[in-house]
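Notes for the structure review
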Amino acid sequence: MPRPIRAVIHQHNLEHNLAVIRQKVGQAKVWSVMKADGYGHGIKRIWRGLKDSDGFAVLDLHEAILLRNEGWKGPILLLEGFFQADDLVVIDQYQLTTSVHSRWQLAAIEQALLNKPISVYIKLNSGMNRLGFSMNEYADIVSQLSQMENVADVTLMSHFANSDMVEGTQAPLAKIQQFAQLSLPTCIANSGAVLWHKNTHYDWVRAGIVLYGASPSGKWGDIAEYDLKAAMTLQSEIIAVHDIEAGQSIGYGSKFTSEKPMRIATVACGYADGYPRHAPTGTPVWCQGQRCALLGTVSMDMLTIDISDCPEATIGSKVELWGENLPVDDVAQAAGTIGYELLCALARRVPIDFQ
Ligand SMILES: *Cc1c(COP(=O)(O)O)cnc(C)c1O
């Protein structure tokens, strides 16, 4: 028998979440963001659950090629564009839409021998200072690219650093709107902007984390009202149970010591499965219909939970580390991170069931 740990991917929840997002954005088209192998869910497994998207946005050429080989004929956007000029051969062959954020990419496009002109997203740095052209040079870049024979059409693209905050899009949006006279199709909204800033939706949105049922802010409470559902459940089982006396310590470093007699359970899940090692005592773990507390340090292959108040829990009981019953955001928050990181970090050794 294999270890009892597995991740379950809920295809119907992906479909459902996409429908929720479509409702939110009205006429705007939806790029479903699939970078990091579909936020850890596996592009190959999940893309069909999101096939009602208008396009898929990815990071790497191999992700785009995989989607084409799987039979996706619609648009594919390279979020960070190409990393070297040679990549344009592949962009041409697979008909990918590329973003452009640096000047060297203009020259590369101009000089490439393409079979067909390509669609280009021109990235504007609206304040995040990560990728994109500055306010001063943007109009010039647009004009240069628009005149190239290798370019079929151009779209204004920008990214928000603070779309999970009430006024987080105000200043960048004011900058972006200065280019309104260019009348370009516009694509600026990520998940936070999709949910909380309707005035950023424009022509296309780029929805990532919300499709997977986690919160752009990292706090489940912020999205609880939107009826988004977990696309991934990470589950395992109890493999040992112990009754311990007061004064007993648990796990490496003896970081937790009992103050009273307790019933504890060992669960087949550890940091080598992608569970955060820095999750502290008290991090919620779902077992037998209730939240139990993690105790002590997470090991490579196991962790320990308190089942003192969970009398039905026994060897073989199902445990959910995150998913449909326990939002990944709640686990992430306890561990000082965000759901994105936990989902993306699911380890290769965890078998995946597809439902
Ligand atoms: C990852 C990414 C997104 C999606 O972000 P979410 O917060 O998951 O919606 C959108 N745009 C760009 C450029 C990205 O890199």
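Treat the numbers as computed from the prediction; the structure is a model and nothing was measured.

Details of the overall build of the protein chain
- Across its full length, the protein chain holds 11 helices and 18 strands.
- Over its C-alpha atoms, taken along the principal directions, the protein chain stretches across nearly 75 × 45 × 35 Å.
- Split into buried and exposed, the 355 residues of the protein chain put 54% on the buried side.
- Just so you have it, the protein chain exposes about 15800 Å², and 49% of that area is on carbon and sulfur atoms.
- For the protein chain, the separation between the mean place of its 29 positive charges and that of its 37 negative charges on side chains is 2 Å.

Here's the deal with the packing of aromatic side chains
- Within this structure, the stated rule accounts for 10 aromatic pairs.
- Residues Trp47 and Phe56 carry aromatic rings whose centres are separated by 6.4 Å and whose planes lie at 90° to one another, so their mutual orientation is edge-to-face. Judged on exposure class, the residue Trp47 and its partner Phe56 are both buried.
- Both rings, one in Tyr275 and one in Trp322, keep their centres 6.3 Å apart while their planes meet at 15°; by these two values the pair is stacked. Note that Tyr275 is positioned in the loop between β13 (262-267) and β14 (284-287) and Trp322 in strand β17 (residues 318-322), a separation of 47 residues in sequence.
- Given the relative accessible area of 1%, Tyr275 is considered buried.
- According to the relative accessible area criterion, Trp322 is buried, its value standing at 0%.

What to know about the pattern of salt bridges
- Within this structure, the stated rule accounts for 12 salt bridges.
- Put simply, Asp353 and Arg6 hold a salt bridge, and the shortest N to O gap is 2.9 Å. Here Asp353 is found in strand β18 (residues 352-354), whereas its partner Arg6 is found in strand β1 (residues 6-9), with 347 residues between them in sequence.
- The class for Asp353 is partly exposed, based on a relative accessible area of 29%.
- Looking at Arg6, the relative accessible area reads 22%, which means it is partly exposed.
- Where Asp330 meets Arg291, a salt bridge forms, and the shortest distance between an N and an O atom there is 2.7 Å. Of this pair, Asp330 sits in helix α10 (residues 328-334) while Arg291 sits in strand β15 (residues 290-295), and the two are 39 residues apart along the sequence.
- When its relative accessible area of 18% is taken as the criterion, Asp330 is described as buried.
- Taking relative accessible area as the criterion, Arg291 reaches 42% and is therefore assigned partly exposed.
- Overlapping salt bridges bring together Arg3, Asp273, Asp301 and Arg349 as one network.

Section: the site of the ligand
- Around the ligand, the neighbouring residues are Val33, Lys35, Tyr39, Leu79, His159, Asn190, Ser191, Arg206, Gly208, Ile209 and Tyr340.
- Between the ligand and Tyr340, the relevant distance is 2.6 Å, taken from an oxygen atom to a side-chain nitrogen or oxygen of the residue.

With respect to helix α8 (residues 170-177)
- Of all the positions in α8, only Pro172, Leu173 and Ile176 are classed as buried. One side of α8 carries all its buried residues, which in axial view fall inside an arc of 100°. For α8, exposure combined with an orientation more than 90 degrees from the buried face picks out Gln170 and Ala171.
- In this fold, the buried residues of α8 make contact with β6 (118-124), β7 (151-158) and β8 (186-189).

Some thoughts on the UniProt feature "domain: Alanine racemase C-terminal" (unreviewed entry) in the protein chain
- UniProt tags residues 231-355 as "domain: Alanine racemase C-terminal" (unreviewed entry).
- As a span, residues 231-355 carries 10% helix and 36% strand, and end to end its C-alpha atoms are 10 Å apart.

Thoughts on the sheet that holds strand β3 (residues 55-58)
- Taken together, the eight strands give a closed barrel; going around it, the order is β2-β3-β4-β5-β6-β7-β8-β9, and neighbouring strands pair in parallel fashion. When strand polarity is set aside, the average angle formed by the axes of neighbouring strands in this sheet is 30°.
- The pairing of strand β2 (residues 29-33) with β3 spans three bridges and is parallel. Opposite Val33, over in β3, you have Ala57 as the bridge partner.
- Set on the sheet, helix α1 (residues 11-25) makes contact with β2 and β9 (204-207); between it and β2 the angle comes to about 140°.
- Sheet strands in contact with helix α6 (residues 103-111) are β5 (97-100), β6 and β7, and its direction is about 140° off that of β5.

Some thoughts on the pairing of β15
- Examined bridge by bridge, β14 and β15 share four bridges and lie antiparallel to one another. In the strand pairing of β15, Cys287 is matched with Gln290.
- Remark: two residues form the turn of the hairpin made by β14 and β15, two consecutive strands paired antiparallel; Gln288 in that turn has positive phi of roughly 50°.

Criteria and thresholds
- Residues numbered from 1 in each chain as written.
- Predicted model: local features only at pLDDT ≥ 70, side-chain atom pairs only at ≥ 80, totals over all residues.
- Heavy atoms only, no water.
- Helix = DSSP H or I, 4+ residues; strand = E, 2+ residues; numbered from the N terminus.
- Buried < 20%, exposed > 50% of the residue type's maximum accessible area, 1.4 Å probe, protein only.
- Areas by Shrake-Rupley, 256 points an atom, 1.4 Å probe, with all protein chains shown as cover.
- Lys, Arg positive; Asp, Glu negative; His and termini not counted.
- Charge placed at Lys NZ, Arg CZ, Asp CG, Glu CD.
- Phe/Tyr/Trp six-rings, centres within 6.5 Å; stacked < 30°, edge-to-face > 60°.
- Salt bridge = Lys/Arg side-chain N within 4 Å of Asp/Glu carboxyl O.
- Near = heavy atom within 4 Å.
- Polar contact = N/O pair within 3.5 Å; in protein donor to acceptor, adjacent residues only side chain to side chain.
- Arc of directions from axis to C-beta.
- Contact = heavy atoms within 4.5 Å.
- UniProt positions renumbered as here; feature names shortened; annotations may be inferred.
- Pairing = 2+ DSSP bridges.
- Axes fitted to C-alpha atoms, helices over the stretch in contact; angles between N-to-C directions.

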